[in-house]
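Residues per chain are reported as follows:
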Amino acid sequence: MTPPDIIIDYLADHPELVDELARLSWREWQEVYQRREQTLKHCLKNYRERMNTDRLPLALVALTTDVSARRRNQHARRVRSPDRTLVGMVSLKFHDMDTRPDLDPWLGGLLVLPEWRNRGVGTTLMRRATEEARRLDVPRLYLWTHSAEGLYHKLGWQVVERTEYCGMHIVIMQIDVDPAR
């Protein structure tokens, strides 16, 4: 179930958000990017490459709609769409761990803005991302985390291994997107 007033959409449908996603990602994982010898420009390039809907890589965004704008929209047809505010994001991508080139593709870059955490946005983004993987015939996804193993486990992800990566203790997890395969 999607939290009230939240929509999940493709980044491709909101190209104006590319810069914002790159900046948020850079702020959240700057140490990881730097250990990979990447800059904010690399991050921006990555998000531009994720503006797909029919193949990987792709990014999804969680947006909240301004309720008052939506009410105005119901009464004035000349307003095309409600005001939207970014509240979270997630990506389906390739090659997320240079130390594990044998694992692909990856779910990564899950980020919910602090004021929107613990409201189901992250869970909704994760479910939509796995639905997209299923739609695109991706049989299995991987992710790595140093902080959210419990959330992913509740969503059906299984531990592949525990290891060190970019100076952190992390867990690599997987999920069979299409269990029938």
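Residues numbered from 1 in each chain as written. Predicted model: local features only at pLDDT ≥ 70, side-chain atom pairs only at ≥ 80, totals over all residues. Heavy atoms only, no water.

Locating Ser25 in the fold gives a position in helix α1 (residues 18-35). Residue classification places Ser25 among the buried positions, given a relative accessible area of 1%. (Helix = DSSP H or I, 4+ residues; strand = E, 2+ residues; numbered from the N terminus. Buried < 20%, exposed > 50% of the residue type's maximum accessible area, 1.4 Å probe, protein only.)

Glancing now at unusual backbone geometry. Of note, the amide linkage connecting Leu56 to Pro57 takes the cis form, showing an omega dihedral of 0°. Among the secondary structure elements, Pro57 is positioned in the loop between α2 (40-49) and β2 (58-65). Residue Pro105 is reached from Asp104 by a cis peptide bond, and omega for that bond is -15°. Tracing the backbone through its elements, the reader meets Pro105 in the loop between β3 (84-93) and β4 (106-112). The phi torsion at Glu37 lies on the positive side, around 60°, for a residue other than glycine. One can find Glu37 in the loop between α1 and α2. Residue Glu37 is classed as exposed on the basis of its relative accessible area of 71%. Positive phi outside glycine occurs at His95, with the angle close to 55°. Secondary-structure assignment places His95 in the loop between β3 and β4.

Turning to helix α4 (residues 121-135), a few remarks are in order. Along its 15 residues, α4 runs 21 Å from first to last C-alpha, staying within 8% of the 21 Å computed at 1.5 Å per residue. When α4 is considered as a whole, its buried residues turn out to be Val121, Gly122, Thr124, Leu125, Met126, Arg128, Ala129, Thr130, Glu132 and Ala133. Directly beyond the C-terminal end of α4, a positive phi value near 60° is found at Asp137. (Expected span 1.5 Å × (residues − 1).)

The next point concerns the packing of α1 against α2. Between α1 and α2, the shortest axis-to-axis distance is 9 Å and the interhelical angle comes to 130°. Classified by the interaxial angle, the pair formed by α1 and α2 is oblique. α2 is crossed by α1, and the crossing has right-handed handedness. From α1, Val18, Asp19, Leu21, Ala22, Arg23, Ser25, Trp26 and Tyr33 reach across to α2, where they touch Leu40, Cys43, Leu44, Tyr47 and Arg48. (Axes fitted to C-alpha atoms, helices over the stretch in contact; angles between N-to-C directions. Parallel < 35°, antiparallel > 145°, perpendicular 65-115°, else oblique. Left-handed = near helix turned anticlockwise from the far one by under 90°. Contact = heavy atoms within 4.5 Å.)

In short, geometric facts, not functional conclusions.
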